[in-house]
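# Understanding the architecture of this molecule
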Amino acid sequence: MPKVNLNLTEVPVREKRLGSITGFAGTAGELVDCSSSGCLKDGTRSFSQCMGCSSGNAFCQLSMIRDAAMVNHAPVGCAGDFFGFNFVYRVGQMERDLPPAIGRYFNTNIEEMDTVFGALSKLEKTIRLAYDRVKPNAIFVTTSCASGIIGEDVESVTDRMTKELGIPVVNCVCEGFRSKIWTSGFDAAYHSIVRKIVKPPQKRTNKVNIINFWGSDVFSKLLNRLGYEANYVVPFSTVSQLETISEAAATIQICPTLGTYMGAALEQVYGVPEIKAPMAYGLAGTDAWMRELGRVLDREAEIEEIIREEKAAVLPKLEEYRAKLKGTTCYLTAGSAHGHALIALLSELGIEVQGAAIFHHDPIYDNESTAADMLDHTVKTYGDIKGYNVCNKQAYELVNILNRVRPDLMIARHGGMTLWGAKLGIPTLLIGDEHFSWGYQGLINYAERILETLDNREFVTNLAKHSSMPYTKWWLEQDPYTFLGGNTHVKAY
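Residues numbered from 1 in each chain as written. Predicted model: local features only at pLDDT ≥ 70, side-chain atom pairs only at ≥ 80, totals over all residues. Heavy atoms only, no water.

## Some remarks on the packing of helix α15 (residues 336–348) against helix α16 (residues 374–382)
Running from N to C, α15 and α16 point in directions that differ by 20°, and their axes come no closer than 8 Å. Viewed along their axes, α15 and α16 adopt a mutual orientation that is roughly parallel. Viewed along their axes, α15 and α16 form a crossing whose handedness is left-handed. Contact with α15, carried on its side by Ala337, His340, Ala341, Ile343, Ala344, Ser347 and Glu348, involves Met374, Leu375, Thr378 and Tyr382 of α16 and no other residues of that element. Residues belonging to the contact of α15 with α16 are distributed by class as follows: 7 nonpolar, 3 polar and 1 charged. (Axes fitted to C-alpha atoms, helices over the stretch in contact; angles between N-to-C directions. Helix = DSSP H or I, 4+ residues; strand = E, 2+ residues; numbered from the N terminus. Parallel < 35°, antiparallel > 145°, perpendicular 65-115°, else oblique. Left-handed = near helix turned anticlockwise from the far one by under 90°. Contact = heavy atoms within 4.5 Å. Nonpolar A, V, L, I, M, F, W, Y, C, P; charged D, E, K, R; others polar.)

## A short note on the nonpolar core
The nonpolar side chains of soluble globular proteins are, as a tendency, buried together. Within the largest apolar cluster, 119 residues are counted, with the highest numbers of intra-cluster contacts made by Ile193, Trp289 and Ile450. Ranked by residues supplied to this core, first place goes to helix α19 (residues 439–455) with 8 residues. If sequence neighbours within four positions are ignored, Trp289 has contacts with Phe219, Leu222, Ile252, Ile275, Ala277, Pro278, Ala280 and Trp438. Counting 23 residues, the second largest nonpolar core, distinct from the first, contains Ala395, Val405, Ala412 and Trp420. (Core = buried A, V, L, I, M, F, W, Y, C linked by side-chain atoms within 4.5 Å. Buried < 20%, exposed > 50% of the residue type's maximum accessible area, 1.4 Å probe, protein only.)

## Describing empty space enclosed by the protein
According to the stated counting rule, one finds 4 cavities of 30 Å³ or more in the structure shown. By volume, the largest cavity amounts to about 80 Å³. Within the lining of the largest cavity, the residues separate by chemical class into 7 nonpolar, 2 polar and 1 charged. In this structure, the second largest cavity encloses a volume near 60 Å³. For the second largest cavity, the lining is made up of 14 residues, of which Val13, Val173, Arg178, Ser184 and Ala188 are closest to its centre. Listed by contribution, the elements that provide at least two residues to the lining of the second largest cavity are α1 (14–17) and α9 (184–196). It is α9 that contributes the most residues to the lining of the second largest cavity, 3 residues altogether. Classifying every residue of the lining of the second largest cavity by side-chain character gives 6 nonpolar, 3 polar and 5 charged. (1 Å grid on protein atoms, 1.4 Å probe; cavity = no way out; pocket = protein on both sides within 12 Å on 5 of 7 lines; lining within 4 Å. Points joined across faces, edges and corners; volume = space filled by probe spheres on them.)

## Re the sheet that holds strand β13 (residues 409–412)
In space, the 6 strands of this open sheet follow the order β1-β12-β11-β10-β13-β14, with mixed pairing throughout. Here the strands that pair on one side only, and so sit at the sheet edges, are β1 (23–26) and β14 (428–430). Mean inter-strand twist for the sheet, computed between neighbouring axes without regard to direction, equals 15°. Looking at chain direction, β1 and strand β12 (residues 387–391) are connected through 4 bridges and run antiparallel. Paired with Ala25 across the bridge in β12 is Asn389. Sheet contacts for α15: β10 (329–334), β11 (352–358), β12 and β13; angle to β11, the most-contacted strand, approximately 175°. Contacting β13 and β14, α19 runs over the sheet at an angle of about 140° to β14. (Pairing = 2+ DSSP bridges.)

Structure (structure tokens):
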């Protein structure tokens with residue numbers, strides 16, 4: 001696998017860099033075996049209903065840098081998500097007790113004539129407009145399918161505008177058609193940051209980088225006790241903070257699906273050690289993650305004391321919740337590593353995971369560490385998951401499976417997926433704070449929310465009575481993987 005190369009304008013997509021896939025049906029154990037043996041091949045869907053956009057994922061991360069501005073070099077339709085990013089940005093600021101501010105987002109409005117004659121003049125004007133209006137400390141330019149198809153030389157413009165304005169104007173190459181793996185957008189965003197914003201280290205600090213989305217602060221208390229300071233990146237960072245992340249003592253990822261590229265880049269280019277361990281979900285994962293943190297930060301004795309304290313507080317409650325949840329069945333849909341972590345958490349609570357629809361699969365991460373493979377850890381610790389589907393948000397497959405399985409509970413990481421369980425009368429849980437389930441206390445947090453969801457099923461029961469599905473009886477009687485070929489190992493349902 002190629003090492004991180006900051007001389008490249010664009011980061012290679014995950015299909016080429018990591019061998020990632022979006023199509024598989026079988027068991028989780030079979031997928032782990034295929035990944036480790038090198039025989040993994042992507043399944044091909046002859047019908048695709050929808051997919052996530054890597055351009056949107058890149059914009060999602062960069063748009064929450066507090067003193068930067070965004071220029072989306074695209075048709076105005078690509079700006080349709082701006083309100084959603086701004087909403088998440090404002091809610092996240094409240095979670096972190098930051099002063100409220102709105103996002104600073106601009107779009108170049110590529111039109112039909114621009115696709116013939118080019119739109120670089122529009123890009124220059126929009127960059128100047130963004131600078132004049134909001135005086136940012138950096139401007140990021142995200143590309144689109146339209147600008148990519150017509151071959152716009154965005155890099156030449158950003159280099160020229162950097163000299164003219166005296167601030168970093170950074171090209172982020174993230175056209176949606178570049179990759180079927182939606183998380184390639186995260187890699188594009190982080191490549192642009194490490195390439196053009198991060199500076200070589202002048203010293204080592206006591207800060208620990210935490211590559212995260214926008215959840216609540218769960219790391220400051222732990223790191224402060226160890227004599228370190230939490231440094232959350234990228235959402236809610238400033239440009240000056242990002243310039244110095246190369247000086248950190250270590251890097252934590254709350255989800256390797258999100259941070260695999262940046263964690264590896266900071267370690268390979270600047271020597272910042274990355275915590276390589278299963279995610280801290282469930283007892284076994286949290287034990288391993290905490291001990292690896294203690295080893296890297298040279299705080300092993302302190303970590304063992306924290307483990308003893310937190311387990312003493314949690315274990316009695318955990319046994320109580322396990323008794324209440326015994327016999328409960330669940331189906332899960334989420335992004336890759338977070339989904340694997342939730343399988344571990346549910347298994348720890350004694351809930352039977354009947355299956356999972358996971359948006360993509362990385363057979364290896366950029367750090368090349370098998371210790372960080374959350375799916376491998378989950379299978380080895382808790383056993384196989386029979387109905388395991390790698391599926392890039394194909395709702396027609398999910399509805400078919402849910403209609404067959406009819407679990408007691410559905411858990412989704414992404415809001416657009418919760419509708420389908422609810423319309424079938426299945427109690428459905430969505431938790432947007434990715435830190436809610438982190439660590440030992442995360443087990444208790446999730447157990448309480450699951451019990452609340454199961455006890456309050458009246459809404460979904462009534463919704464199922466008065467709503468209809470857009471899918472026909474014919475489709476619901478078909479094998480859910482009818483349109484998936486090439487990587488289907490079993491007929492799971």
